[in-house]
Every structure is written in C-alpha cells, then in structure tokens.
Amino acid sequence: MLTIEQGFIDLGDFQLTADLSVPQGARVAVLGPSGAGKSTLLAAIAGFQALTSGRILWDGQGMARAPAARPISMVFQDNNLFPHMTVAQNVGLGLRADLKLSDREQVRVKGALDRVGLSGLAPRKPAQLSGGQMARVALARVLLRDRPLLLLDEPFGALGPALKSEMLALVAELLDETQATLLMVSHAPEDAKLICDQVVLVADGRAEAPVETAEIFTNPPEVLRDYLGDHPRT
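What counts as what
- Starting afresh in each chain, residues are numbered from 1 along the sequence in its written order.
- Totals for whole chains, interfaces and linings use every residue, but because this is a predicted model, local features are given only for residues with pLDDT of at least 70 and side-chain atom pairs only at 80 or more, for both listing and counting.
- Excluding hydrogens and water, the side-chain figures rest on all heavy atoms present in the structure.
- Numbered from the N terminus, helices here are DSSP runs of H or I no shorter than four residues, and strands are runs of E no shorter than two.
- Radius of gyration: C-alpha atoms only; globule rule: 2.2 Å multiplied by the number of residues to the exponent 0.38.
- Throughout this description, buried means an accessible area under 20% of the type-specific maximum (1.4 Å probe, protein chains only), exposed means over 50%, and partly exposed covers the range between.
- The contact definition used throughout considers only heavy atoms, calling two residues in contact when any of these lie within 4.5 Å.
- Residue exposure ignores everything except the shown protein chains as possible cover, and the areas themselves are Shrake-Rupley values with a 1.4 Å probe.
- A positive count includes Lys and Arg, and a negative count includes Asp and Glu. His and the chain ends are not counted in either.
- To locate a charge, take atom NZ for lysine, CZ for arginine, CG for aspartate or CD for glutamate.
- Paired strands, as defined in this entry, are two strands with at least two bridges between them according to DSSP.
- By convention in these notes, a salt bridge is any Lys or Arg side-chain nitrogen within 4 Å of a carboxyl oxygen on Asp or Glu.
- Only the contacting stretch of a helix is used when fitting its axis, a line to C-alpha atoms as for every element, and angles between N-to-C directions run 0 to 180 degrees.
- In this scheme, roughly parallel covers angles under 35 degrees and roughly antiparallel covers those over 145, while 65 to 115 is roughly perpendicular and the rest are oblique.
- Classification used: nonpolar for Ala, Val, Leu, Ile, Met, Phe, Trp, Tyr, Cys and Pro, charged for Asp, Glu, Lys and Arg, polar for all others including Gly.
- Here the expected span of a helix is defined as 1.5 Å times the quantity of residues minus one.
- Here the nonpolar core consists of buried residues drawn from Ala, Val, Leu, Ile, Met, Phe, Trp, Tyr and Cys, with membership extended through side-chain atoms lying within 4.5 Å.

1. Considering the overall build of the protein chain
Now for step 1: Tallying secondary structure elements over the protein chain gives eight helices and eleven strands in all.
Now for step 2: A compact globule built from 234 residues would reach a C-alpha radius of gyration of about 17 Å, and the protein chain, at 18 Å, matches this within 12%.
Now for step 3: By principal-axis analysis of the C-alpha atoms, the protein chain measures approximately 60 × 40 × 30 Å.
Now for step 4: Taking all 234 residues of the protein chain together, 47% fall into the buried category.
Now for step 5: Within the protein chain, counting contacts between residues at least 6 apart in sequence, those at least 24 apart form 66% of the total.
Now for step 6: Just so you have it, the protein chain exposes about 11400 Å², and 50% of that area is on carbon and sulfur atoms.
Now for step 7: Computed over 22 positive and 27 negative side-chain charges, the inter-centroid distance for the protein chain is 8 Å.

2. Section: the pairing of strand β6 (residues 72–75)
Now for step 1: Of the two faces of β6, both are covered, the one formed by I72 and M74 as well as the one formed by S73 and V75.
Now for step 2: Pairing of β6 with strand β7 (residues 149–153), which is carried by four bridges, proceeds in the parallel orientation. Directly across from S73, in β7, lies its bridge partner L150.

3. Considerations on the pattern of salt bridges
Now for step 1: Evaluation of the coordinates by the stated rule reveals nine salt bridges.
Now for step 2: Across the pair R27 and D176 runs a salt bridge, and its minimum N-O distance is 2.4 Å. Here D176 lies in helix α5 (residues 161–178) and R27 lies in strand β3 (residues 27–31), a separation of 149 residues in the sequence.
Now for step 3: When the shortest N-O distance is used, the salt bridge between D98 and R96 registers 2.8 Å.
Now for step 4: Residue classification places D98 among the partly exposed residues on the basis of a relative accessible area of 39%.

4. Observations concerning the pairing of strand β4 (residues 53–58)
Remember that side chains alternate between the two faces of the sheet whenever the strand is regular.
Now for step 1: Alignment of strand β1 (residues 2–10) against β4, held across five bridges, turns out to be antiparallel. Note on β4: the bridge partner recorded for T3 is L57.
Now for step 2: As judged from the two bridges shared by β4 and strand β5 (residues 61–62), these two strands associate in the antiparallel manner. Its bridge partner being in β5, W58 is matched across the sheet by Q61.
Now for step 3: Where β4 folds back on β5, the antiparallel hairpin that results is connected by two residues, among which D59 adopts a positive phi of roughly 55°.

5. Some thoughts on the packing of helix α4 (residues 131–145) against α5
Now for step 1: Relative orientation of the contacting elements α4 and α5 amounts to 10°, with a least axis distance of 11 Å. Overall, the two elements α4 and α5 adopt an arrangement that is roughly parallel. Residues G132, A135, R136, L139 and L143 of α4 pack against L163, E166, M167, L170, V171, L174 and T178 of α5.
Now for step 2: Residue classes in the contact of α4 with α5 are distributed as eight nonpolar, two polar and two charged.

6. Focus on α4
Now for step 1: Taking 1.5 Å per residue as the helical rise, α4 with its 15 residues ought to reach 21 Å, and the 22 Å between its terminal C-alpha atoms agrees with that figure.
Now for step 2: For α4, the buried fraction is high: eleven of the 15 residues fall into the buried class.
Now for step 3: Considered for burial, the residues of α4 that qualify are G132, A135, R136, V137, A138, L139, A140, R141, V142, L143 and L144.
Now for step 4: In this fold, the buried residues of α4 make contact with β6, α2 (87–92), α3 (103–115), β7 and α5.

7. Details of the nonpolar core
Soluble globular proteins: nonpolar side chains tend toward being buried together.
Now for step 1: Grouped together as the largest cluster of nonpolar side chains are 44 residues, with contacts concentrated most on V91, L139, L152, F156, V171, L182 and I195.
Now for step 2: In this structure, L20, M63, V202 and A207 belong to the second largest nonpolar core, which totals 29 residues.

Below, the structure written as structure tokens:
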C-alpha cells in the first residue's frame with residue numbers, strides 16, 4: 001500500500017497537501033485542473049520533489065531518499081528517452097545504468113521489446129520512432145524494472161485518440177501481468193474510465209483520498225464539474 005501521511009509541499013507561491021492511501025494493485029487516475037499539482041504529487045512520490053513535511057510510505061516503510069532506490073517506475077510526458085541511445089539501450093537502462101548487460105539480460109531486453117510490439121526496432125534511435133513507438137519503448141523499460149508502483153505523467157497526451165486508447169489497453173495488459181499499482185496523471189476523464197478503478201482529485205491545493213471511478217463521475221464534486229464543464233443549464 002502507498003500511504004502519504006500529512007504530506008505538505010510548500011513551493012512559495014504554491015502549496016499542496018495530501019493525506020491518503022492507495023491499495024496495492026489499484027489503478028488510480030490523478031485528475032484535476034491544469035496547475036493544480038498533479039505532476040507535483042507524482043514527483044513527490046517518485047522522490048524528485050521533497051516534502052516540506054509529512055512522509056510517504058510503501059508497505060508501511062519509509063521511502064528511500066534517492067529516487068532510483070524507490071520501488072517505482074515513472075514515465076514522463078516525453079517518455080524520458082535518451083536521444084543518443086538506441087531503443088535497446090534505452091530499454092536496457094531498466095536493468096543496468098551502465099548498460100553492461102549479460103547475454104541473459106540482452107535476451108530480456110529483446111523479450112520486453114517483443115512484448116510491447118517493437119520487434120526489430122532495437123537498433124533505432126528515438127528520433128526514428130513515432131510517438132506511439134516511443135511510448136512503447138518507455139513501457140518496455142518499465143517491464144524490465146519490475147517495480148511494484150508505476151507512475152505515468154501523461155506520457156500519451158500527445159497521441160491521437162485511437163493510438164492513446166491502444167496504449168492504455170497495453171498498460172492495462174502489463175498491469176495484469178505485473179500486478180503493479182498505477183497512478184496516472186491525465187487531463188482526459190475518458191482515460192480514467194477506461195483503465196482506472198479509482199480517482200484522486202487534485203484541486204484547491206489538496207490531493208483528495210481515492211474515490212471509486214464510477215462514483216466520482218456519477219456524482220462529481222463541484223470542482224470536478226467545473227473542470228469538466230458539466231454544470232446543468234438553467
């Protein structure tokens with residue numbers, strides 16, 4: 001279980017509080033207005049943004065200070081690929097930062113690429129890939145990292161609707177295989193409805209506790225109605 005106990009982030013002109021728990025294996029969409037702090041919340045969980053006060057726990061234990069030591073894989077909006085590296089090298093970073101891979105590890109890289117539909121693309125550089133292919137490279141690296149908590153910060157936001165739905169379906173398949181816990185930032189409510197069973201609403205300086213997806217969209221709070229433009233006409 002992921003737990004944020006009385007978390008508080010003070011960036012001077014912006015503050016965010018969070019006091020919540022996410023059950024292990026849950027698939028949680030992080031929704032809210034632009035600038036509300038959705039990415040800041042994920043950055044704090046990943047260790048890239050320090051808490052001003054409070055603490056973040058995984059299975060009841062405090063998180064390591066260094067992001068690399070946390071039980072987390074994170075995919076950012078740009079898919080965090082290194083342009084000078086090949087597809088295989090970018091994926092291999094999920095196993096070893098120095099890329100000194102054994103024969104067995106190289107087989108695992110190939111298997112991860114096959115799993116996400118990138119067979120034969122190992123020698124290419126990111127600039128030679130489409131947006132959807134770059135997203136698949138990032139997901140292949142997630143597979144190899146094999147961490148129990150997956151954070152997605154809108155990695156599919158630039159994709160068209162059909163391709164984005166395809167990528168979300170692939171994420172759901174990978175979660176079925178790994179049983180990882182998902183927190184996914186999105187600006188699109190349909191993304192939450194597609195693969196997430198819970199929603200964390202971030203608004204007015206606070207990340208609320210998770211609510212069942214069906215429940216929050218059946219009876220949305222006012223701030224979510226404002227965000228969705230879903231006010232009844234008078």
